[in-house]
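# Reading the structure
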Amino acid sequence: MRTPWKIIAALGCSFLAAVFVAHGTQAQQKAVKAAATDSVGMSLRVAAAPSRAEALLDPMAADWTSIPAQRVALNRTPRLYDTEAPSELEIPFVDVRLARTAGKLLVQMTWRDPTQDAPEIAKLPSAPAEGRPNKELTEATDRFSDSAAVMYPTRPVEKGQWPSLQMGDPANPVSIYFWNASRGAARMQAEGRGTTRRTGETFPARAVYRDQAWHVAMELADVPPGTPLAFAIWNGSQQDRDGRKYFTSWMKLE
Amino acid sequence: MSHHQYAMVMDLNKCLGCQTCTIACKKLWTDRDGTQHMYWNNVETRPGIGYPRQWDQIGGGWKDGQLQPSRQPTLEDYGAPWEFDYEQRLYEGKGKPVMPSPDPVSGPNWDEDVGALNGDENFYFYLPRICNHCTNPACLAACPRQAIYKRTEDGIVVLDQERCEGYRYCVAACPYKKIYFNEITGKSEKCIFCYPRLEKGEVNACAAQCPGRLRFVGLLDDPGSAVHKLVYVYKAALPLFPEKGTEPNVFYVPPFNPPKRTNYGKSILEDPRLPLDYLIYLFGPAVKDVIVRLEAELTRAQNGGISELLQLLIGRDAETRYQVRPQLVQIQAGNGRPL
């Protein structure tokens, strides 16, 4: 395993780059984009798992324990507005395990989060509300749920040019597998900040909250070696949503 | 910048606090899943805690070009509807009268008619509130997904349910707390100024149902509209909390503010029943000039003269109060201009 400090230092650069993209000029953005090549970042090992994808969808399955965890440092996005409460780095890292089996990429993410934010929320009934005497009720207006996501470029990367870490860019769209502790799994696409849209598809994902930690397993479509992946985590009790989150840099899949 | 701007003027001297507008809106727009705490139109007693609770103290709006911080209102701030303990009382033989259960601690219109004391006299008035469809909406600026937009053709501010991801930056940013989160859909919602009705030439449901006939609706830029006359010609209507910087397009004719009972005949500014400071808090310092203007018009009418302003404020028929112009709005919108 690599020294975490080296990783943290490398990711620190990416973090600063992200800050510049948020606040910098076009020239700065170009400079940052040029820097976002595969010369930066770590690579991720993928185990060839003998077990079926279905078994590995259990994040606590014994099969996962034989696959070494890769500890990835998390960054915290800067505040969107000066008026927002400061966001503390309460979750410093996520442990990632990857396995390829039967044409699927299985991802297991584990991170410590002392607050489980996974309220059960009633689903919107399919029958129209009109004429139905009992409606589902909003139980809270100020709570947010824990979430996690994996992002990768929608199209094969050309000449090592990776998409912007901020939800891709118009020339390099990204695909996102998004899991929410209350609302389940949803696939998304994006081509830059504020452009995220749901595709309407879902994907297999299971989560277990145990001993103050989340263990989430997701089944992704087969992602070819060399593809960069990035991970994100949202902490509901920190009112995380949108770009208010923890994120990793791009890491190349081995 | 929109080509036209629909606006509403509400004459607070005529509001009965009957909540007919509230129910008209509720039945039409928020009788759905997840909307039980939403009143796109509400009427609150002033002075009072308001709805959601203490909304005027929570935060939001603009200051020096910056959005201001605000916490998210809780469900308790909105005041969820409560049930009654019918089971215990009717079937379990408990002898007490039927009571709300669990014991409610807040609700919309929680402090109805409580008001406050000015010296030894109680005072209060009703404040009906909808989304202000601001010219400089803080909600729109706060949304990172461009889910909120101001309709170019008529200035109505709407929230695209397809784009919304329920982040609630808009809820915090609105200084009037007129955007509501629906937990069942996972998206936020707001007053749409009844635009589907306006497009058919019908006035907003809250205005149409108002027994007090206190609402005036029209295009602010239409010189023939009552709202234009009340805001720009007679300068008798003011926005709520103008210092929040959002430039509301809902305006209020402030209470005439008569003198206290014991001072009949005195000028309303000599010994006002409502403390002027409170009206200045709500409507800014310009409210004093408006009250002086209204008093002068009243004096003229009482002396046998004709006050065009008071005649307009009486607004006997719908034609006087409402100038809905779907043709004008549509012609402009379909005129090849960018929407």
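Right, let's walk through the structure included here.

What follows deals with the overall build of chain A. When you go through chain A residue by residue, the secondary structure sums to four helices and 15 strands. Here chain A holds 254 residues, and 38% of them are scored as buried. Put simply, of all contacts in chain A between residues at least 6 apart along the chain, 67% involve residues at least 24 apart.

Our focus in this paragraph is the environment of Arg 163 of chain B. All names here are of chain B. Within the element layout of this structure, Arg 163 appears in the loop between β11 (157-159) and α6 (169-173). Given 16 C-beta atoms within 10 Å, Arg 163 falls into the partly exposed group. Remark: the alpha-carbon pair of Arg 163 and Leu 274, spanning 111 residues in sequence, is separated by 45 Å. Once residues within four sequence positions are removed from consideration, Arg 163 is found in contact with Arg 145, Gln 146 and Ala 147.

On the chain B side, the residues contacting the 22 residues of chain A number 25 residues. In the side of chain A that touches chain B, the residues fall into eight nonpolar, five polar and nine charged.

So, about the sheet that holds strand β16 (residues 250-253) of chain B. Residues and elements named next belong to chain B. Ordered by their spatial adjacency, five strands build an open sheet running β15-β16-β1-β14-β17, and the pairing between neighbours is mixed. Sheet topology places β15 (238-239) and β17 (322-323) at the edges, where each strand pairs with a single neighbour. Strand direction decides the pairing type here: strand β1 (residues 6-11) and strand β14 (residues 215-219), joined by five bridges, are antiparallel. Bridging from a neighbouring strand, Val 9 pairs with Phe 216 of β14. Each of β1, β14, β16 and β17 touches helix α9 (residues 226-233); the most contacted strand, β14, lies at about 95° to it.

If you look at the biggest cluster of nonpolar residues, it comprises 86 residues, and the most contacted ones within it are Val 9, Cys 139, Cys 170 and Leu 230 of chain B. Those residues in contact with Cys 170 of chain B that sit more than four places away from it in its chain are Cys 139, Ala 142, Cys 143, Ile 148, Ile 179 and Ser 188 of chain B. Counting 49 residues, the second-largest nonpolar core is a separate cluster that includes Leu 98, Phe 178, Val 216 and Phe 231 of chain A.

Residues and elements named next belong to chain B. A rise of 1.5 Å per residue sets the reference length of helix α11 (residues 287-302), with its 16 residues, at 22 Å; its end C-alpha atoms lie 22 Å apart and thus fit the reference within 8%. For α11, the full list of buried residues reads Val 287, Val 290, Ile 291, Leu 294 and Glu 297. Mapping the buried residues of α11 onto a view down its axis gives an arc of 125°, with all of them on the same face. Across from the buried face of α11, at angles greater than 90 degrees, the exposed residues are Asp 289, Ala 296 and Thr 299. If you follow the buried residues of α11, they end up packed against β15, α10 (276-283) and α12 (308-314).

Rules used in this analysis
- Residues numbered from 1 in each chain as written.
- Chains lettered and ligands numbered in written order.
- Predicted model: local features only at pLDDT ≥ 70, side-chain atom pairs only at ≥ 80, totals over all residues.
- Helix = DSSP H or I, 4+ residues; strand = E, 2+ residues; numbered from the N terminus.
- Buried ≥ 20, exposed ≤ 12 C-beta atoms within 10 Å, placed from the backbone.
- Contact = placed C-beta atoms within 7 Å.
- Nonpolar A, V, L, I, M, F, W, Y, C, P; charged D, E, K, R; others polar.
- Pairing = 2+ DSSP bridges.
- Axes fitted to C-alpha atoms, helices over the stretch in contact; angles between N-to-C directions.
- Core = buried A, V, L, I, M, F, W, Y, C linked by C-beta atoms within 7 Å.
- Expected span 1.5 Å × (residues − 1).
- Arc of directions from axis to C-beta.

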